[in-house]
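Read off the chains here:
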Amino acid sequence: MSRRVKDFFVAYLFLVGLPLAGLAVILQYGRQLTAPMSVNGVWTVEADLDRFAQLLCMRPAENGSRISMVISQSGNNVVFHLAGSPQAVNGTIEGGMVRAFSATAKQANDGGCKNAASVVLAARVEHKSEPRTLVGSLSVLGCASCIPVTFVASREALLVKGD
Amino acid sequence: MLDIGRLLLQILIILAASRAVGGVFRAIGQPKVVGEMFAGIFLGPSLLGWFAPKVSAVIFPAASLGYLNTLSQIGLVIFMFLVGMNINPNELKSQGHAAVLASHASISFPFVLAALFSLYLYPRLAEENVSFASFGLFMGTAMSITAFPVLARILAERKMLQSRIGTIAVACAAVDDVTGWCILGYVVFLIRSAHDSTSFRLLLGGTLLFVLAMIFGVRKLVGNFERAYRKHGSMSENQLVLLFLLTLGSALCTEWMGIHPLFGAFLLGAVMPKEPRFVAYVSERLHAIVILLLPLFFAFTGLRTSVHLIKGSEMWTYCALIVLVATVGKFGGSALASQLCGMPLRESLALGILMNTRGLMELVVLNIGLEIHVISPTLFSMMVIMALVTTFMTTPLLAWTCSEKTVQVANEIPEKAQAICRGGSAA
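Basis of the calculations
- Residues numbered from 1 in each chain as written.
- Chains lettered and ligands numbered in written order.
- Predicted model: local features only at pLDDT ≥ 70, side-chain atom pairs only at ≥ 80, totals over all residues.
- Helix = DSSP H or I, 4+ residues; strand = E, 2+ residues; numbered from the N terminus.
- Buried ≥ 20, exposed ≤ 12 C-beta atoms within 10 Å, placed from the backbone.
- Contact = placed C-beta atoms within 7 Å.
- Pairing = 2+ DSSP bridges.
- Expected span 1.5 Å × (residues − 1).
- Axes fitted to C-alpha atoms, helices over the stretch in contact; angles between N-to-C directions.
- Nonpolar A, V, L, I, M, F, W, Y, C, P; charged D, E, K, R; others polar.
- Parallel < 35°, antiparallel > 145°, perpendicular 65-115°, else oblique.
- Left-handed = near helix turned anticlockwise from the far one by under 90°.
- Core = buried A, V, L, I, M, F, W, Y, C linked by C-beta atoms within 7 Å.
- pLDDT = per-residue confidence, 0-100.

## Focus on the overall build of chain A
Reasoning step 1: The secondary structure content of chain A amounts to 2 helices and 8 strands.
Reasoning step 2: Starting at the N terminus and ending at the C terminus, chain A contains elements arranged as α-β-α-β-β-β-β-β-β-β.
Reasoning step 3: Expressed as a percentage of the 163 residues in chain A, the buried residues total 31%.
Reasoning step 4: Taking contacts inside chain A between residues at least 6 apart in sequence as the whole, the part at least 24 apart equals 45%.

## Focus: the overall build of chain B
Reasoning step 1: A count of helices and strands for chain B gives 19 helices and 0 strands.
Reasoning step 2: Out of the 427 residues belonging to chain B, those deemed buried represent 52%.
Reasoning step 3: Across chain B, contacts joining residues at least 24 apart in sequence account for 81% of those joining residues at least 6 apart.

## Considering the pairing of strand S6 (residues 119–126) of chain A
All names here are of chain A.
Reasoning step 1: On S6, burial follows the alternation: Val119, Leu121, Ala123 and Val125 on one face are buried, whereas Val120, Ala122, Arg124 and Glu126 on the facing-out side are not.
Reasoning step 2: Sheet analysis places strand S5 (residues 97–102) next to S6, joined by 6 bridges and oriented antiparallel. If you follow phenylalanine 101 over to S6, its bridge partner there is valine 120.
Reasoning step 3: Bridging between S6 and strand S7 (residues 133–140) involves 8 bridges; their strand directions are antiparallel. Its bridge partner lying in S7, valine 120 is registered against serine 139.
Reasoning step 4: What sits between the antiparallel neighbours S6 and S7 is a turn of 6 residues.

## Quick word on helix H10 (residues 164–192) of chain B
Reasoning step 1: Over its 29 residues, H10 of chain B extends 42 Å from the first C-alpha to the last, a length consistent with the 42 Å expected when each residue adds 1.5 Å.
Reasoning step 2: The element H10 of chain B is extensively covered by neighbouring structure, given that 22 of its 29 residues are classed as buried.

## Thoughts on the sheet that holds S6 of chain A
All names here are of chain A.
Reasoning step 1: An order of S1-S2-S3-S4-S5-S6-S7-S8 is seen for the 8 strands of this closed barrel, with the pairing classed as antiparallel. For this sheet, the mean angle separating the axes of adjacent strands, direction not counted, is 30 degrees.
Reasoning step 2: Where S7 meets strand S8 (residues 149–157), 6 bridges bridge the pair, whose relative direction is antiparallel. Of the residues in S8, the one forming a bridge with glycine 136 is phenylalanine 151.

## Here we look at the pairing of strand S3 (residues 77–82) of chain A
Two faces, one strand: in a regular strand the side chains alternate between the faces of the sheet.
Residue and element names in this part refer to chain A.
Reasoning step 1: Here S3 shows a buried face lined by Val78, Phe80 and Leu82 and an unburied face lined by Asn77, Val79 and His81.
Reasoning step 2: Here 6 bridges tie strand S2 (residues 66–74) to S3, and the two strands are oriented antiparallel to one another. Across the sheet, the residue bridging to isoleucine 71 is phenylalanine 80, located in S3.
Reasoning step 3: Hairpin remark: S2 followed by S3, antiparallel, with 2 residues in the connecting loop; positive phi at glycine 75, about 60 degrees.

## Here we look at helix H16 (residues 345–355) of chain B
Reasoning step 1: Most of H16 of chain B is tucked away: 9 of the 11 residues are buried.
Reasoning step 2: If you check which residues of H16 of chain B are buried, you get Glu347, Ser348, Leu349, Ala350, Leu351, Gly352, Ile353, Leu354 and Met355 of chain B.

## Let's talk about the interface of chain B and chain A
As a measure of interface size, the accessible area lost when the parts come together is often cited.
Reasoning step 1: If you look at the interface, chain B gives 40 residues, while chain A gives 30 residues.
Reasoning step 2: Secondary structure elements with two or more residues in the side of chain B that touches chain A: helix H7 (96–125), helix H8 (132–144), helix H15 (312–340), helix H18 (377–401) and helix H19 (415–426) of chain B.
Reasoning step 3: The element that contributes the greatest number of residues to the side of chain B that touches chain A is H7 of chain B, accounting for 16 residues.
Reasoning step 4: Of the residues that constitute the side of chain B that touches chain A, the class distribution is 25 nonpolar, 10 polar and 5 charged.

## A few points about the packing of helix H1 (residues 4–27) of chain B against helix H2 (residues 32–42) of chain B
Residues and elements named next belong to chain B.
Reasoning step 1: The interhelical angle for the contact between H1 and H2, taken along N-to-C directions, is 130 degrees, at an axis separation of 7 Å. Looking at the two axes, H1 sits oblique to H2. Relative to H2, the crossing made by H1 is right-handed. Of the residues in H2, those touching H1 at Ala17, Ser18, Val21, Gly22, Val24, Phe25 and Arg26 are Lys32, Val34, Gly35, Glu36, Phe38, Ala39 and Phe42.
Reasoning step 2: Partitioning the contact of H1 with H2 into residue classes produces 8 nonpolar, 3 polar and 3 charged.

## Examining the nonpolar core
Reasoning step 1: Leu101, Leu151, Ala169 and Met383 of chain B are the most contacted members of the largest nonpolar core, which has 140 residues in total.
Reasoning step 2: Per-element tally for this core: the top contributor is H7 of chain B, with 17 residues.
Reasoning step 3: Val45, Ala47, Leu82 and Ala153 of chain A belong to the second largest nonpolar core, which has 28 residues in total.

## Topic: unusual backbone geometry
Residues and elements named next belong to chain B.
Reasoning step 1: One non-glycine residue, histidine 373, lies in the positive phi region at around 60 degrees.
Reasoning step 2: With respect to the secondary-structure elements, histidine 373 resides in the loop between helix H17 (359–371) and H18.
Reasoning step 3: Accessibility expressed as a C-beta count within 10 Å gives 15 for histidine 373, which makes it partly exposed.

## Here's the deal with the confidence of the model for chain B
Detailed reading of the predicted coordinates is not advisable wherever pLDDT is low.
Residue and element names in this part refer to chain B.
Reasoning step 1: Per-chain confidence: chain B averages 83 in pLDDT, with 89% of residues scoring 70 or above.
Reasoning step 2: When mean pLDDT is compared element by element in chain B, H1 scores highest at 92, while H19 scores lowest at 37.
Reasoning step 3: Ignoring residues within four places in sequence, the model shows residues 408–427, a span with pLDDT below 50, making 41 contacts including any to other chains.
Reasoning step 4: Under the prediction, the complex receives an ipTM of 0.75, its pTM being 0.79.

The following block contains the structure:
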């Protein structure tokens with residue numbers, strides 16, 4: 001075998017053979033990884049809505065103990081938007097836990113929210129339940145006397161792709 | 001219900017916009033098709049939907065997009081048939097082993113780099129029900145594909161089609177596309193037959209049977225078209241219609257099998273006779289349909305692409321990394337391989353730049369990925385940006401790298417490269 005032929009085979013091994021062997025290793029390693037859990041969609045929240053509304057500077061719910069919430073998701077990043085809330089709350093999902101933080105709740109239109117504060121939403125995704133549910137609480141940062149509001153949310157529909 | 005008035009308005013606006021933007025891009029030295037791709041994005045939520053949401057909602061309401069998609073898919077089926085027909089992997093043999101190495105490296109290198117990058121992206125941007133294997137293989141395919149038609153157009157416009165770089169690039173792109181489509185077919189298999197080994201076996205068996213039937217049966221049959229063309233110097237209207245029907249039939253078969261209609265159209269094109277005059281004749285006849293319907297595909301892609309889904313610095317960092325990894329993999333792999341084969345540095349760089357052109361083929365691959373839910377709308381938007389950036393950068397970088405002096409005719413292969421190719425051939 002001439003030196004040139006050897007050069008060709010060495011180059012082929014280095015540029016094609018080696019990467020393909022690497023691909024097998026990558027695919028094997030990647031099997032351990034998990035993709036972000038899907039929380040994207042329209043959810044119905046069940047909670048003490050008066051207190052819920054108070055913490056988020058929203059108008060109190062007019063009917064019953066349910067409120068609609070839309071979660072849009074881009075990978076690990078999620079954005080919560082509660083029906084009637086003046087602002088969206090940004091958060092992340094890590095494993096099965098969703099955490100969102102609203103820097104400062106804004107004054108509601110009716111002026112009923114005098115003590116604007118930072119609100120933290122933490123919830124666990126019950127991914128085995130059908131429909132998927134979120135169980136968590138809403139609390140005020142740095143307020144020992146504020147009692148967190150617990151809630152349960154169930155997913156009603158997925159958001160249409162591209163929304 | 002079909003609103004014919006709205007559909008006509010949509011087609012009118014899309015064609016007008018694509019011609020106008022295509023013209024502007026042509027004026028700045030870009031191929032027209034790049035402008036048409038951008039025009040599609042401009043008509044979507046990224047620009048029109050952002051500046052004039054009400055106008056966008058009136059012209060392109062979500063409920064009306066199904067018809068637009070159907071029309072664009074017909075154009076795409078014909079386009080993929082033509083891509084398959086214009087691909088001739090045998091050309092690679094005539095280029096010696098330098099091209100074989102460059103071609104294979106230009107797939108394997110970006111593919112593996114993309115799979116490696118997927119280890120980082122998967123826990124951050126993947127869809128929940130997609131396995132890593134499907135995600136990694138799809139990202140690999142999407143980052144290693146080359147836009148064979150756009151590449152040919154760029155080379156033709158720069159009068160480089162007959163140059164050594166041109167012939168090697170076209171041959172490499174042909175091999176890339178065939179390989180890319182085979183891998184993509186496998187990814188679609190994985191997704192469609194996930195959790196069901198019976199349907200996987202059925203799908204695999206059916207596909208193998210279909211491919212064998214195309215290679216050993218239909219290939220001989222379609223040879224009659226070329227014989228008729230050689231005899232009469234043209235094809236009759238009936239023969240052209242029959243060819244069109246065969247294309248639709250082949251697309252329908254792969255659609256029924258659950259893969260994708262574009263695979264069938266591409267495969268029929270690939271088994272068509274490769275006599276250059278016949279290929280040119282058929283391409284010319286079907287080109288008019290493609291010219292009219294392809295902008296609809298760009299617009300449909302644009303309507304699915306929203307840069308607003310890429311929110312915050314973290315997401316834009318992912319997007320920038322995607323562009324970087326795609327460029328390093330494709331450009332680096334091709335340039336390095338041709339350097340190792342003894343090609344001069346400038347030509348190696350030029351080949352790397354050419355192979356980094358993803359263009360329209362990338363958009364086709366990405367749309368399939370979105371349809372089978374292997375990528376999310378956010379990742380789709382990032383990948384579309386990558387496709388646009390890598391395609392847009394080709395012409396100026398090529399002009400910068402490849403001076404008139406560098407463009408040599410195919411036969412002027414430097415001594416060292418010739419020696420390696422001869423050595424490789426002897427092996």
